[in-house]
Amino acid sequence: MARELLKGNEAVAEAAIRAGAVAYFGYPITPQTELLEHMSKRMPELGRAFVQAESELGAVNMVYGAACTGRRVITSSSSPGSSLMMEGFSYMAGTEVPAVFVDVMRGGPGLGNIQPSQADYNQIVHGGGHGDYTPIVLAPASVQESIDLTVLAFDLAEKYRSLVVILTDGSIGQMMEPAELPPMAPINNETPEWAVDGNMVGRERRFLSSIYLDPPAEEVTNFRLQRRWQEICANEVRYKEYYMDDAEYAVVGFGSAARAALSAVRAARAEGIKIGLLRPITVAPFPTKVLDDLSRRMKGLLVVEMNSGQMLEDVRLATSGRIPIEFYGRMGGVMLLPDEVLAEIHALATGPLTTEGHPRDRWLARMAGKN
Amino acid sequence: MATTNELEQVVYSHPKALADVSTHYCPGCTHGVAHRLIAEVIDEMGIQERMVGVASVGCSVFAYNYFDFDWVQAPHGRAPAMATGVKRVLPDRMVMTYQGDGDMASIGMGEIVHAAARGENITVFFLNNTNYGMTGGQMAPTTLPGQKTTTSVSGRDVETQGFPLRASELLATLDGASYVVRRSLHDPKNIRLAKKAIRTAFETQARGLGFSMVELLSTCPTNWGMTVPQATQWLEEKMIAFYPLGDFKVTQAVSEIRI
């Protein structure tokens, strides 16, 4: 396949189609709507299922139903709509059915705005729905990576009978970049042995449910979910390092924030500052061991996010106070710019650095008067 | 299965589509009657092996334990959306939801209205017993004016608690709905009519004719605080007066179904 100029949202939709998604259910919301629109055109022409649902609640529960059949199914939304889908995600986790969800994040809280943000991190990575469960969360930083991770998402969803979230934002969803789509994969219409497909020929009836009135039985399910998550943490951590070989400092960021950070890191390198970038690709499971390792050999870390420092807490947890950390973020749909990150890198490299206090407090103090 | 000689004829046996288990339903509740009617129709149509049921939240939450075919279990009110998901990827299966009035006519009103509006080719069984049974008899959107429940202890006051809604009449206004009827389970004659409607609803789906729903007026002696005969009488006298039995939407194509 050749490289084409593709828009992020459309690329994800087409990648899902080529990965063999047989059904898409969604609801319009900016900045993810191109994904829905692309699906509305392509799925019917391929004889696959597309429904524009009455709400995100409707959409996520259509996904739940289709996922119970063991077929590949996907939905997408943006932050306020993602909040509505949390009910379904919890039920899907409790029922252990695979599905893929694309969250094209926008500014919040509330109705917020339609500009890029990373403020759904906590909602997506640390739950959102009720109960003990964690979805696999993939954070692309380009259109090409959005495509690649969408294909991977279906494989991981099936392998672990889990929800896999593509955590992207209005910037990556709306931008156009040259990228290559995968070839069209054949559709797998085989029913996994756990799935309900209304084909009770030569077998006992099957049912899928998230209800266990007997607490010990529910606990067994919870232990199974936790052990599966342990396995995911052991096998599926993905990240990318830039200029890290001789780095004394590192910027840590995901998605769009990491793109801005990479430009800043390149500029800092040109100035002779020994700084690299660690970009988690799986924000769940989080690259905890990598950060643990960095905390033992680096002079300082700078965490950058388009939120108030949500991933920052995971970085702090992984580094256990061993290394000075600073934080820089923009919120509410304001994009993070390379010049701003470069200024933060300068401050990091000149010090003084501390492991005392909270990086967020220092960031808020620095931002005073600037906004 | 009973063995018969030339002089004997089996007129009653356990439907194949009904699992051979005891249910958790209260004595005198008509869920059991509804279950049996649905199972009998599934047997008669020979569709047990390609059924997918979607259970709801409420007393019928465990319906999947009582029917012997494939089931999934939906979040509260979302059964029509889940059924849509199943049906759209497996269009040749027979997909039904089984929902109570709290589930379908309150929290799930958005899902049911739009499933009907889309003409989703599924069958909905709507059990209306005018209260939230599973949680102990709270006021439902179907609770009659003046009816006492645990959240309308002096009787439903329409001034502050609003009016009951008639889901069948409402859904019948939608172009996507093909077959919407109300039946009752309070006596043998009406039970037979209910079974006939269940058959027509499934036949509607089997022929790809679109959305079908059978509302079944049901008793809840436990939460109504009545004996079974009192509950049956209350249904007949009070409920039918507010929820008249009848066919609210039967498209031309459905009316031409000959069984």
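What counts, and at which threshold
- Residues numbered from 1 in each chain as written.
- Chains lettered and ligands numbered in written order.
- Predicted model: local features only at pLDDT ≥ 70, side-chain atom pairs only at ≥ 80, totals over all residues.
- Heavy atoms only, no water.
- Helix = DSSP H or I, 4+ residues; strand = E, 2+ residues; numbered from the N terminus.
- Buried < 20%, exposed > 50% of the residue type's maximum accessible area, 1.4 Å probe, protein only.
- Contact = heavy atoms within 4.5 Å.
- Salt bridge = Lys/Arg side-chain N within 4 Å of Asp/Glu carboxyl O.
- Pairing = 2+ DSSP bridges.
- Axes fitted to C-alpha atoms, helices over the stretch in contact; angles between N-to-C directions.
- 1 Å grid on protein atoms, 1.4 Å probe; cavity = no way out; pocket = protein on both sides within 12 Å on 5 of 7 lines; lining within 4 Å.
- Points joined across faces, edges and corners; volume = space filled by probe spheres on them.
- Nonpolar A, V, L, I, M, F, W, Y, C, P; charged D, E, K, R; others polar.
- Parallel < 35°, antiparallel > 145°, perpendicular 65-115°, else oblique.
- Left-handed = near helix turned anticlockwise from the far one by under 90°.
- Phe/Tyr/Trp six-rings, centres within 6.5 Å; stacked < 30°, edge-to-face > 60°.
- Lys NZ or Arg CZ within 6 Å of the ring centre and 35° of its normal.
- Core = buried A, V, L, I, M, F, W, Y, C linked by side-chain atoms within 4.5 Å.
- Domains from an automatic or database assignment.
- Buried area = accessible area lost by both parts, 1.4 Å probe.

### Remarks on the side chain of A:Ser82
All names here are of chain A.
Then, number 1: Summarising the element assignment, Ser82 is placed in helix H4 (residues 79-95).
Then, number 2: By relative accessible area, which is 0% here, Ser82 ends up buried.
Then, number 3: Each residue touching Ser82, except ones within four places of it in the same chain, is listed here: Ser77, Phe101, Asp103, Asp120 and Gln123.

### A closer look at the pattern of salt bridges
Then, number 1: Overall, the coordinates contain 41 salt bridges over all chains when judged by the stated rule.
Then, number 2: A:Asp292 is the salt-bridge partner of A:Arg322, the closest N and O atoms lying 2.9 Å from each other. Of this pair, A:Arg322 sits in the loop between helix H11 (310-319) and strand E15 (325-329) while A:Asp292 sits in helix H10 (residues 288-297), and the two are 30 residues apart along the sequence.
Then, number 3: Residue A:Asp292 is classed as partly exposed on the basis of its relative accessible area, which comes to 23%.
Then, number 4: One salt bridge connects B:Arg183 with B:Asp247, and the closest N-O pair in it is separated by 2.7 Å. Of this pair, B:Arg183 sits in strand E7 (residues 177-184) while B:Asp247 sits in strand E9 (residues 246-250), and the two are 64 residues apart along the sequence.
Then, number 5: Exposure remark for B:Asp247: the relative accessible area of 47% places this residue in the partly exposed category.
Then, number 6: Bridged by salt links that share partners, the residues B:Arg36, B:Glu40, B:Glu44, B:Lys195, B:Arg199, B:Glu203 and B:Arg207 form one connected network.

### Regarding the sheet that holds strand E6 (residues 136-138) of chain A
Residue and element names in this part refer to chain A.
Then, number 1: If you trace the 7 strands from one edge of the open sheet to the other, you get E3-E2-E4-E5-E7-E6-E13, paired in mixed fashion. In this open sheet, the two edge strands, each paired with only one partner strand, are strand E3 (49-52) and strand E13 (282-284). The average undirected angle you get between the axes of adjacent strands in this sheet is 20°.
Then, number 2: Taken together, the 7 bridges between strand E5 (residues 99-105) and strand E7 (residues 163-169) define a ladder with parallel strand orientation. Across the sheet, the residue bridging to Asp103 is Leu167, located in E7.

### Digging into the layout of surface pockets
Residue and element names in this part refer to chain A.
Then, number 1: In this structure, the largest pocket occupies an estimated 330 Å³ of space.
Then, number 2: Breaking the lining of the largest pocket down by element, the ones donating at least two residues are H4 and helix H8 (215-235).
Then, number 3: Taken together, the residues of the lining of the largest pocket sort by class into 7 nonpolar, 8 polar and 2 charged.

### A few points about the packing of helix H1 (residues 31-45) of chain B against helix H8 (residues 188-206) of chain B
Residue and element names in this part refer to chain B.
Then, number 1: Contact pair H1 / H8: the axes reach a minimum separation of 9 Å and the direction vectors enclose 50°. Here H1 is positioned oblique relative to H8, judged by the angle of their axes. The way H1 lies across H8 gives a crossing that is right-handed. On the side of H1, the interface is formed by Val33, Leu37, Ile38, Glu40, Val41, Ile42, Glu44 and Met45, while H8 contributes Ile191, Ala194, Lys195, Ile198, Arg199, Phe202, Glu203 and Ala206.
Then, number 2: Along the lines of polarity and charge, the residues of the contact of H1 with H8 split into 11 nonpolar, no polar and 5 charged.

### Some details on the packing of aromatic side chains
Then, number 1: The full count for this structure, using the stated rule, is 15 aromatic pairs over all chains.
Then, number 2: When the centroid spacing of 4.5 Å and the interplanar angle of 25° are considered together, the rings of A:Phe207 and B:Tyr64 count as stacked. Placement of A:Phe207 in strand E9 (residues 207-208) and of B:Tyr64 in helix H2 (residues 63-66) is noted, with the two residues assigned to different chains.
Then, number 3: Residue classification places A:Phe207 among the partly exposed positions, given a relative accessible area of 39%.
Then, number 4: For the ring pair A:Phe327 and A:Trp363, a centre distance of 4.9 Å and an interplane angle of 85° mean the geometry is edge-to-face. On the criterion of sequence distance, the pair formed by A:Phe327 in strand E15 and A:Trp363 in helix H13 (residues 359-367) is long-range, its members being 36 residues apart.
Then, number 5: The exposure class assigned to A:Phe327 is buried, which follows from its relative accessible area of 0%.
Then, number 6: Owing to a relative accessible area of 2%, A:Trp363 belongs among the buried residues under this scheme.
Then, number 7: Through successive ring pairs, a cluster of aromatic residues spans B:Phe67, B:Phe69, B:Trp71 and B:Tyr98.
Then, number 8: The ring centre of B:Tyr12 lies 4.0 Å from the NZ or CZ of B:Arg36, which sits over that ring.

### Here we look at the nonpolar core
Then, number 1: Within the largest apolar cluster, 144 residues are counted, with the highest numbers of intra-cluster contacts made by A:Met39, A:Ile345 and B:Phe211.
Then, number 2: Each of domain 1 (3-235) and domain 2 (239-367) of chain A accounts for three or more of the residues forming this core.
Then, number 3: Excluding anything up to four places from it in sequence, A:Ile345 contacts A:Val251, A:Ala264, A:Val265, A:Ala268, A:Ile273, A:Ile275 and A:Leu302.
Then, number 4: Core analysis: the second largest hydrophobic core is formed by 40 residues, B:Ile47, B:Tyr64, B:Ala194 and B:Ala201 among them.

### Quick word on empty space enclosed by the protein
All names here are of chain A.
Then, number 1: For the coordinates displayed, the defined rule picks out 4 cavities of 30 Å³ or more.
Then, number 2: Roughly 170 Å³ of internal volume is contained in the largest cavity.
Then, number 3: Taken together, 16 residues form the lining of the largest cavity, with Ala93, Tyr133, Thr134, Ser162 and Leu225 sitting closest to its centre.
Then, number 4: Where the lining of the largest cavity is concerned, the elements lending two or more residues are H4 and H8.
Then, number 5: Broken down by element, the residue count for the lining of the largest cavity peaks at 5 residues, all from H8.
Then, number 6: For the lining of the largest cavity, a count of residues per class yields 10 nonpolar, 3 polar and 3 charged.
Then, number 7: Considered as a void within the structure, the second largest cavity measures approximately 50 Å³ in volume.
Then, number 8: Contributing to the lining of the second largest cavity are Gly70, Arg71, Arg72, Val73, Pro98, Ala99, Phe154, Ala157 and Glu158.
Then, number 9: Element by element, the count of residues in the lining of the second largest cavity is highest for helix H6 (residues 143-160), at 3 residues.

### Comments concerning the packing of helix H1 (residues 8-18) of chain A against H6(A)
What describes two packed helices is the angle between their axes and the distance between those same axes.
Residues and elements named next belong to chain A.
Then, number 1: At a minimum axis separation of 9 Å, H1 and H6 run at an interaxial angle of 30°. Classified by the angle their axes make, H1 and H6 are roughly parallel. The interaxial crossing formed by H1 with H6 has right-handed handedness. Here Gly8, Ala11, Val12, Ala15 and Ala16 of H1 come into contact with H6, specifically with Val143, Ser146, Ile147, Thr150, Val151 and Phe154.

### Remarks on the domain arrangement of chain A
Residue and element names in this part refer to chain A.
Then, number 1: Assigned domains of chain A: these are domain 1 (3-235) and domain 2 (239-367).
Then, number 2: The partner domain 2 presents 23 residues to the 34 residues of domain 1 that form the contact.
Then, number 3: When the two sides are added together, the surface that domain 1 and domain 2 hide from each other amounts to roughly 2,000 Å², 53% of it contributed by carbon and sulfur.
Then, number 4: The largest contributions to the domain 1 side of the interface with domain 2 come from Gln118, Tyr121 and Ala139, which together make up 33% of the buried area.

### Here's the deal with unusual backbone geometry
Then, number 1: The omega torsion of the bond from A:Thr30 to A:Pro31 falls at 5°, within 30 degrees of zero and hence cis.
Then, number 2: Among the structural elements, A:Pro31 can be located in the loop between strand E2 (23-26) and helix H2 (33-45).
Then, number 3: Following A:Gly108, the chain continues to A:Pro109 via a peptide bond in cis, the omega torsion being 5°.
Then, number 4: Even without being a glycine, A:Tyr243 presents a positive backbone phi close to 55°.
Then, number 5: Even without a glycine there, the phi angle at B:Thr130 is positive, about 60°.
Then, number 6: Relative to the assigned elements, B:Thr130 resides in the loop between strand E4 (123-128) and strand E5 (131-132).
Then, number 7: Assessed through its relative accessible area of 0%, B:Thr130 is described here as buried.

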